[in-house]
Each structure stands twice: as structure tokens, then as C-alpha cells.
There are 2 protein chains.
Amino acid sequence: MLITHKFPPFERYENNPIISRDDIPYPCNTVFNAAACRCMGKYILLLRVEDLAGRSHLTLARSNDGINFQVDDRPWVMPSEDPLYEPYERYGVEDPRITAIEGAYYITYTAFGPYGVRVGIGKTNDFSTFERLCLATDVDNKDGVLFPEKIGGKYVMLTRPGGFAGKRGDIWISFSPDLEHWGGSRVLMTPSPGGWGSQKLGACTPPIKTEDGWLVFYHGVKPTGSGRIYRIGAMLLDLEKPYTIRGYTSHFIFAPEMDYERIGDVPNVVFPCGAILEEDGTIKMYYGVSDTAIALATVNVQDVLSACR
Amino acid sequence: MLITHKFPPFERYENNPIISRDDIPYPCNTVFNAAACRCMGKYILLLRVEDLAGRSHLTLARSNDGINFQVDDRPWVMPSEDPLYEPYERYGVEDPRITAIEGAYYITYTAFGPYGVRVGIGKTNDFSTFERLCLATDVDNKDGVLFPEKIGGKYVMLTRPGGFAGKRGDIWISFSPDLEHWGGSRVLMTPSPGGWGSQKLGACTPPIKTEDGWLVFYHGVKPTGSGRIYRIGAMLLDLEKPYTIRGYTSHFIFAPEMDYERIGDVPNVVFPCGAILEEDGTIKMYYGVSDTAIALATVNVQDVLSACR
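Read on for a plain summary of the structure. Being a predicted model, the structure only gives us computed values, none of them experimental.

1. Some words on the interface of chain A and chain B
Accessible area lost during the coming together of the parts is what is often quoted as the interface size.
Here comes step 1: Counting residues at the interface gives 31 residues for chain A and 31 residues for chain B.
Here comes step 2: The interface formed by chain A and chain B includes two salt bridges.
Here comes step 3: The closest approach of N and O atoms between Asp 140 of chain A and Lys 167 of chain B, which form a salt bridge, is 2.7 Å.
Here comes step 4: The interface formed by chain A and chain B includes 13 residue pairs in polar contact (both at pLDDT 80 or more).
Here comes step 5: Per-element tally for the side of chain A that touches chain B: the top contributor is strand β14 (residues 183–189) of chain A, with five residues.
Here comes step 6: For the side of chain A that touches chain B, the class distribution of residues is 13 nonpolar, nine polar and nine charged.

2. As for the sheet that holds strand β14 (residues 183–189) of chain B
Paired through backbone hydrogen bonds, the strands of a sheet run either parallel or antiparallel to each other.
Residues and elements named next belong to chain B.
Here comes step 1: Pairing is antiparallel across the open sheet formed by four strands, whose spatial order is β11-β12-β13-β14. Among the strands making up the open sheet, the edge pair consists of β11 (141–146) and β14. Averaged over all neighbouring strand pairs, the angle between strand axes comes to 30°, with direction disregarded.
Here comes step 2: In terms of strand pairing, strand β12 (residues 155–161) meets strand β13 (residues 171–176) through five bridges, oriented antiparallel. Each bridged residue has a counterpart across the sheet, and for Leu 158 the counterpart in β13 is Ile 173.

3. Thoughts on the pairing of strand β20 (residues 270–277) of chain B
Residue and element names in this part refer to chain B.
Here comes step 1: Of all eight residues that make up β20, seven are buried, and the element is covered over most of its length.
Here comes step 2: Where β20 and strand β21 (residues 282–289) come together, seven bridges link them in antiparallel fashion. Its bridge partner lying in β21, Phe 271 is registered against Gly 288.

4. Let's talk about the sheet that holds strand β12 (residues 155–161) of chain A
Residues and elements named next belong to chain A.
Here comes step 1: One open sheet accounts for four strands, arranged β11-β12-β13-β14; its pairing is antiparallel. On the outer flanks of this sheet lie β11 (141–146) and β14, each paired with one strand and no other. For this sheet, the mean angle separating the axes of adjacent strands, direction not counted, is 30°.
Here comes step 2: The pairing of β11 with β12 spans four bridges and is classified as antiparallel. When the sheet's bridge partners are listed, Leu 146 is paired in β12 with Met 157.

5. Some thoughts on empty space enclosed by the protein
Here comes step 1: For the structure on display, the rule yields two cavities of 30 Å³ or more.
Here comes step 2: In this model, the largest cavity occupies a volume close to 250 Å³.
Here comes step 3: If you trace the largest cavity, you find 25 residues lining it, with Ala 136, Thr 137 and Asp 138 of chain A together with Thr 137 and Asp 138 of chain B closest to the centre.
Here comes step 4: The residue inventory of the lining of the largest cavity, partitioned by class, reads 10 nonpolar, 11 polar and four charged.
Here comes step 5: Here the second largest cavity is characterised by a volume of approximately 60 Å³.
Here comes step 6: Lining the second largest cavity, in full, are Asp 140, Gly 162, Gly 163, Phe 164, Ala 165 and Lys 167 of chain A together with Asp 140, Gly 162, Gly 163, Phe 164, Ala 165 and Lys 167 of chain B.
Here comes step 7: Grouping the constituent residues of the lining of the second largest cavity by class yields four nonpolar, four polar and four charged.

6. Describing the packing of aromatic side chains
Here comes step 1: According to the stated counting rule, one finds 32 aromatic pairs over all chains in the structure shown.
Here comes step 2: When the ring of Tyr 105 of chain A is compared with that of Phe 127 of chain A, the centres are 5.0 Å apart and the planes differ by 50°; the resulting orientation is tilted. Remark: Phe 127 of chain A occurs in the loop between β9 (116–124) and β10 (131–135) and Tyr 105 of chain A occurs in strand β8 (residues 104–113); sequence separation between them is 22 residues. Both residues of the pair, Tyr 105 of chain A and Phe 127 of chain A, count as buried.
Here comes step 3: When the ring of Tyr 115 of chain A is compared with that of Trp 172 of chain B, the centres are 6.2 Å apart and the planes differ by 80°; the resulting orientation is edge-to-face. Of this pair, Tyr 115 of chain A sits in the loop between β8 and β9 while Trp 172 of chain B sits in strand β13, which puts the two residues in different chains.
Here comes step 4: By way of ring pairs, the aromatic residues Phe 10, Phe 217, Phe 254 and Tyr 287 of chain A are connected into one cluster.
Here comes step 5: The residue whose ring lies beneath Arg 38 of chain A is Tyr 43 of chain A, and the NZ or CZ to ring-centre distance is 4.2 Å.
Here comes step 6: One Lys or Arg, Arg 118 of chain B, reaches over the ring of Tyr 88 of chain B and ends 4.5 Å from the middle of that ring.

About the thresholds
- Residues numbered from 1 in each chain as written.
- Chains lettered and ligands numbered in written order.
- Predicted model: local features only at pLDDT ≥ 70, side-chain atom pairs only at ≥ 80, totals over all residues.
- Heavy atoms only, no water.
- Contact = heavy atoms within 4.5 Å.
- Salt bridge = Lys/Arg side-chain N within 4 Å of Asp/Glu carboxyl O.
- Polar contact = N/O pair within 3.5 Å; in protein donor to acceptor, adjacent residues only side chain to side chain.
- Helix = DSSP H or I, 4+ residues; strand = E, 2+ residues; numbered from the N terminus.
- Nonpolar A, V, L, I, M, F, W, Y, C, P; charged D, E, K, R; others polar.
- Pairing = 2+ DSSP bridges.
- Axes fitted to C-alpha atoms, helices over the stretch in contact; angles between N-to-C directions.
- Buried < 20%, exposed > 50% of the residue type's maximum accessible area, 1.4 Å probe, protein only.
- 1 Å grid on protein atoms, 1.4 Å probe; cavity = no way out; pocket = protein on both sides within 12 Å on 5 of 7 lines; lining within 4 Å.
- Points joined across faces, edges and corners; volume = space filled by probe spheres on them.
- Phe/Tyr/Trp six-rings, centres within 6.5 Å; stacked < 30°, edge-to-face > 60°.
- Lys NZ or Arg CZ within 6 Å of the ring centre and 35° of its normal.

Written out as C-alpha cells, the structure reads:
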């Protein structure tokens, strides 16, 4: 029996998934885990596209309505060949997030290479040129998500250090004067044994500013005898002390249910990398499904805030 | 047969170990892995002392000749109870290194807690008061060693991120404007499969400035069917571009051979955390043996430099 979680009431777009392999104008294996933002009146998605060799790159898609996207005919960010980046991106660039800060768009992504994974940061003003800024973390760290404002004079980022080779993975928060040098790291949220995210937690979508705090969707990973289940919770962080959790949902609020969320290269994964708050209070959540396609669900921000309190 | 490596010619102090449990004026399990420096005409060792509960703290010892040390009658650095540090040091503070920079003494150490290990940095001017500055890294990172000068306007540190849960461990180099925020990280040296440090490499002693480059003793870990062997190599880093290796020893140059290096809580470990270059070119290398005591060996710096070239 398919259980539908009614609280808070997410609505899946009826024609999900909105982007799948057939929408990419060049050969690839899959497309999933897309960053999202609005820029100059358009909706922008930055797609993780896995090529036929299994290596991921990032490709742009644009839309007027946030539903029907036109995908670029070529990749936008390929793994770098610059010696400062090459070894660390050799196996691909993955799972982007976009955060607008002071008029520019910052893109965090997972750099994957033979040493492990790191959080890379790049920048664009117009989604035309892409400028790499740095690899911000050491190795074995991913799911980097920037806050849309400096807080206390510093850039703020959530990351997921550790959590590899079967270890537990926690959400950490770090601070930077310049986006390049990071410090002041501390644990923000850690899995509850036996819970829906008992193995790993990681930030998903860049924080959305609300009157109650910074709203962040995050994923929890639960191991089962037949693989992992990725599900989504929400947390509220204090606006001025973002290392303080003001509230979080007492259970997951979004989980794989539909066939397109359960069937794919990596079954039972919903993984939002982008959430756009519309003026009417609707959040458009763009999420990868089973590492195979991109889907859209909407929810009212007040319903999510209520669930966090 | 006991093989003695003749090149470069290390000389072990004949009455090794120089400090063992019986020299600590309070009950403990073992003492090992001591940082070393000279301060106001004295030799200083900062000892890692493992208490009877298995938790480590740091205790000072002082000497006029670098051989006979007087150990303080109480710990100098205990795991912190400050909420910013407490969870990360809950299981102990370990493996200190001392680096003198611009007249102050900076102490890097391994903070060990339920989330894993991190590199902590503290400061003293006189080995009287100890001031914590920060936890400089995320989790799963240790063997932090600071350079004795800023290079290109930045503090420089070697660390060993990753390398846990059976993963390979590499030596990385990072940069900081203020000792608190770190970035620009890159891999410096990585294990050679099948070699003497095939599982992990980590910096041991703070870099010593020589005309040929920064001289660093590092450890290599090789797994065997009956545990690990820790041995020591040396590398030379470019004075202005310390991320460039100018030379390194083609083999380990110091290894467990004596009974006191082979027998103890963790057999077959030599682990220097301090090296003092004397005016006559002698390096006094203080090294933990089998996580059980502290020993001293000397070597001429020119012989080590020759071995690196």
C-alpha cells in the first residue's frame, strides 16, 4: 500500500518527472540533483548530468514557468583541467546548489576525484560565464550549501564532513571571511540511532530566510537490508546564530513513494538541491529521483514552518 | 636478526627511553608522542599522557640538557569543558606539536571526541598559560603541523585528512590568513602502494628551515597481518612554494628496532612529534615508542638533507 504523508502537504507535479534523460540534447546516462534559482525573470536549473562513462558534469536549463525547461545543448561546468582542480574533479562534478549573495550567484558542488570528495565553490553573475573560486574543504566533505547572506560579517556554509566508508555523517556549519578560508566549524545536527536518517544527514537546499529563521530542507539516509532510503526533513536555524536549531520536523516530511522516485539507478532516493520561494508563499522544490530524473513538488512555506515548530 | 639502517646515521640515546610512566608524578597508563622546543634556555617537552581511563592530556616537562627532564606535577592541557570545544575533546587531547612563530609558541594537537578527530590550535608565550585559539579543521583530520613562518603572507599547516575507517591517508597542505580560517588545501604526498607507508602518511615534526628547503620528518604506516608498523621518512619542501616537494628519502630512515620501540601498548611504533636543530647541526628527535614511552635519537641535519636529495 502506498502511504501518502499528508503533513505538511507536498503536491507533486502531475507530469513528473519534469526532466529526464530524453530531455538532454546529447547522449548521457541520467540527469538528477539540480540546483535552482531565479535570475532575470527566468527559472534556472543547474542539472547534474551523468555521462555514459559514469562521470558527472553540470548543464543549465531555463524556464519561464518553473515547470517546462529548455536544456542547453552543451555542458556548462565540466570537471576542470586546471592542475589546482584536476585531480580533485577527475571523477566528476556533482550535486550543485545555487545561492544568490549580494547580487551574484554562488554555486557549491561536490568535486569527486581519487582522493575523495570536496566542496567546490564557483560564481556567476549571469549564468553565462562560470568562475571557479576555490575548493573550500579538505577531502571527505560534501553537501556544501551557502547561506544567502553574510551573518556576523562572515559567509556561512553547511557541509557534511565524514560519513564515508560506512561512518555516520553529520551536518556541520562553518564560517568564512572570504569564501576561500573556512573555520569555526561545529556540528549542527547528528543522526538519531534507529531514526529515519540514522546513518547520515546532509543539507539539501540553500537556506530560505523566513520570519522564524533559516529554513533548510535536509536529507536523512537510512540503511536497509536492500540498500538505502533517502528522505527529507526540514529545520529552522536562528537568523543571527545559525548554529542554533530553532526547530525541526519530528519526522521526515517527504519520501520516495511514486514509481519514478522508487525505480532508477539508485532506487528510493529523493534529493532536492534547489527550493524557490514564490511571492505567494509556495515553495517549488526541485529534487532528483533515484539518480535518474528530476521532479518537482510544491508546498506552502507556512505549512513547513508549522511542522518545524 | 636486528637490521640497523646506517643511512642517515641516527644515534639512539643509550639510556632510552628518556621518559616513561614512572617519571610522571601522578598515576597514568603511559606517556608518549611529545612535542619539543627550546624556550628561555630550557628544553621543553609537551607530553601526551594517557590516564588510567584511557583518555589523554598534555603535561609539560623541562630540561637543561635536552636529556634529563623534570615533569610537572600536574597536567597543563586537559580536554576542554568549554561548550565550543567539549564534545570535540571529550575523549582526549593527543599528539601535540609546538611551532614558534614570531615569538609565540603555537601548539597543534589532536582533539578526539565522539564525532572523530580534529586539529586544535593553542598558544602560549611562556609555557605558563595556555590559550586555545580554535579547532582548525573539520572532523577526521589530524597530525596538524604548523610552519614556523608565514609564507606568502599566510600561515601554513600540514594535516592528514581522511585516512580513517581503513581508508588511505595522505599529507595535505593548507593556508590561513589568521590561523582560524583555512583554505587552499591540496594533497602534498600520498602513499605508494606496497611501500613502507602504503596505508597512511602523516607529518610528524614541524618544518625546520634549511638552505635546501623545509625539512619535515613524516611517518608512514604499513599494515601487516599482525598490526601496523610506523616508520619515519624525511621530505624537503620548497621554501617559498611549500606545496612543492624538493626531495624526499627513497626509503624510511628510522624504524622500530629496539625492544622499547617494538614492545608496548601499540607495538612497532616510532612517532616523533618534536625535532630540535642545535647550532652544531645536530637534530634532537624526540619520539614516542609503542604508545608507551618517549625516546631520543640524534642525527646530523646534513646527513638527512643528503638523504632527501
